[in-house]
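# Residue-level structural notes
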Amino acid sequence: MPTLPSEQPSPPVSEPHRQRKMAESFGVDTERYDRTRPSYPDALMERIVAASPGPDVVDVGCGTGIVARQLRAAGCTVLGVEPDARMAEFARRGGFEVDVATFEAWDDAGRRFDAVVAGQAWHWVDPVEGAAKAARVLRPGGLLAVFWHIFQMPDEVFDAFAEVYQRVVPDSPVPVQAAKQPLNVYEQMSARISDGIRDTTGFGEPDHWRYEWERYYSRDEWLDQIPTSGVLTQLPPDKLAEVQKSVGAAIDGMGGGFTMPYVTVAVTASRQP
């Protein structure tokens, strides 16, 4: 990811919602994003539906519609809110209504919902303003459910990625090495989000859900996905190719593929009457 101009200090990494260039860069290749990003455990979708008082859902940072499609299949009516017009247009082609806006600035036009969800997106939302907006648009008993995939790359793959990334983007503000302990990163993020919910009038105590699963990636499958990472979406083609070459060589050394352990984690809270 390119750094901000020198006269504009980079926002703290602990405040990703202020990294707007990265937050709104995922539409650079919508087809790749939709093709390669994993969906969510069926058990998570079923639990969201069961915990919501009705079927009306707003999907924050809906992207290409990955979460929205799963919820629609479970019987929900989904409205997307997405700041990247390119992503929004892709989701619209899938049959969804999508408003182009950040969630904080979105005009709800008096609409009310049974659930507010966000898959891989709530860290791009101000944790206090976002929770307050969710409380405002939720019906009594409505559910806020924000969730992420946490994955642990094999050491060989991670080390190859970290080395080449730091070489091609030496001035990046993103602490790539921190991702070697992804659960620690999530715990810090989860604490900020939970505090934002607690600081908002209208929600009960946040709850935490967890689902473990795994997926096998061939060399080509993983190299196809990694350009959708926020730290790579704005790399020039030559630098991206260098990253892919280095990571691909590491995967070749492992036999051409690997099994990735995933944990899908959620922070949830119910709107009080």
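Rules behind the numbers
- Residues numbered from 1 in each chain as written.
- Predicted model: local features only at pLDDT ≥ 70, side-chain atom pairs only at ≥ 80, totals over all residues.
- Heavy atoms only, no water.
- Helix = DSSP H or I, 4+ residues; strand = E, 2+ residues; numbered from the N terminus.
- Buried < 20%, exposed > 50% of the residue type's maximum accessible area, 1.4 Å probe, protein only.
- Contact = heavy atoms within 4.5 Å.
- Areas by Shrake-Rupley, 256 points an atom, 1.4 Å probe, with all protein chains shown as cover.
- Lys, Arg positive; Asp, Glu negative; His and termini not counted.
- Charge placed at Lys NZ, Arg CZ, Asp CG, Glu CD.
- Expected span 1.5 Å × (residues − 1).
- Core = buried A, V, L, I, M, F, W, Y, C linked by side-chain atoms within 4.5 Å.
- Phe/Tyr/Trp six-rings, centres within 6.5 Å; stacked < 30°, edge-to-face > 60°.
- Lys NZ or Arg CZ within 6 Å of the ring centre and 35° of its normal.
- Polar contact = N/O pair within 3.5 Å; in protein donor to acceptor, adjacent residues only side chain to side chain.

For the chain, the count of helices and strands is 10 helices and 7 strands. For the chain, the spread of C-alpha atoms along the principal axes amounts to about 55 × 45 × 35 Å. By the burial criterion, 52% of the 273 residues in the chain qualify as buried. A sequence separation of at least 24 residues applies to 76% of the contacts in the chain between residues at least 6 apart. Per element, the accessible surface of the chain, about 12100 Å² overall, is 51% carbon and sulfur. On the chain, the mean spot of the 27 positive side-chain charges and the mean spot of the 39 negative ones are 2 Å from each other.

Here helix α7 (residues 155–168) is 14 residues long and its end C-alpha atoms lie 20 Å apart, about the 20 Å a rise of 1.5 Å per residue gives. Buried within α7 we find V157, F158, A160, F161, A162, V164, Y165 and V168.

Now for the nonpolar core. By size, the foremost hydrophobic cluster in this structure holds 31 residues, and its most contacted members are W106, V116, W122 and L144. Going through the elements one at a time, β1 (56–60), β2 (77–82), β4 (113–119), α6 (127–137), β5 (138–151), α8 (182–198) and β7 (257–270) are the ones with two or more residues in this core. No other element matches the 5 residues that β5 contributes to this core. Not counting the four nearest positions on each side in its chain, W106 is found in contact with V58, L79, V81, D99, A101, R111, F113, K133 and V137. Formed by 28 residues, the second largest nonpolar core is a distinct cluster that contains A88, A115, A145 and F147.

What follows deals with the environment of Y211. With respect to the helices and strands, Y211 occurs in strand β6 (residues 207–218). When sequence neighbours within four positions are dropped, the list of residues in contact with Y211 reads P41, A43, L44, R47, Y262, V263 and T264.

Once that is clear, we can look at the packing of aromatic side chains. What the rule picks out here adds up to 14 aromatic pairs. Between F26 and Y33, the ring centres sit 6.1 Å apart and the planes meet at 70 degrees, which makes this aromatic pair edge-to-face. The residues F26 and Y33 share a single accessibility class, namely buried. A centroid spacing of 5.1 Å and a plane angle of 75 degrees characterise the contact between Y40 and F147, whose relative ring orientation is edge-to-face. Residue Y40 is located in the loop between α2 (30–36) and α3 (42–51), and its partner F147 is located in strand β5; the two are separated by 107 residues in the primary sequence. Of the two residues, Y40 and F147, both sit in the buried class. Ring pairs connect the aromatic residues F151, W213, Y217, W222, F258 and Y262, which therefore count as one cluster. Over the ring of F103 we find K133, and its NZ or CZ is 5.6 Å from the ring centre.

This brings us to the environment of T102. Mapped onto the fold, T102 is located in the loop between β3 (97–100) and β4. With relative accessibility at 23%, the residue T102 sits in the partly exposed group. For the pair T102 and G130, spaced 28 residues apart in sequence, the C-alpha to C-alpha distance is 9.7 Å.

Residue position: V176 is located in the loop between α7 and α8. The sequence separation of V176 and G94 amounts to 82 residues, and the corresponding C-alpha distance is 34 Å.

This part covers the side chain of D224. By secondary structure assignment, the location of D224 is in helix α9 (residues 219–225). A polar side-chain atom of D224 sits 2.8 Å from a polar atom in the side chain of R32.

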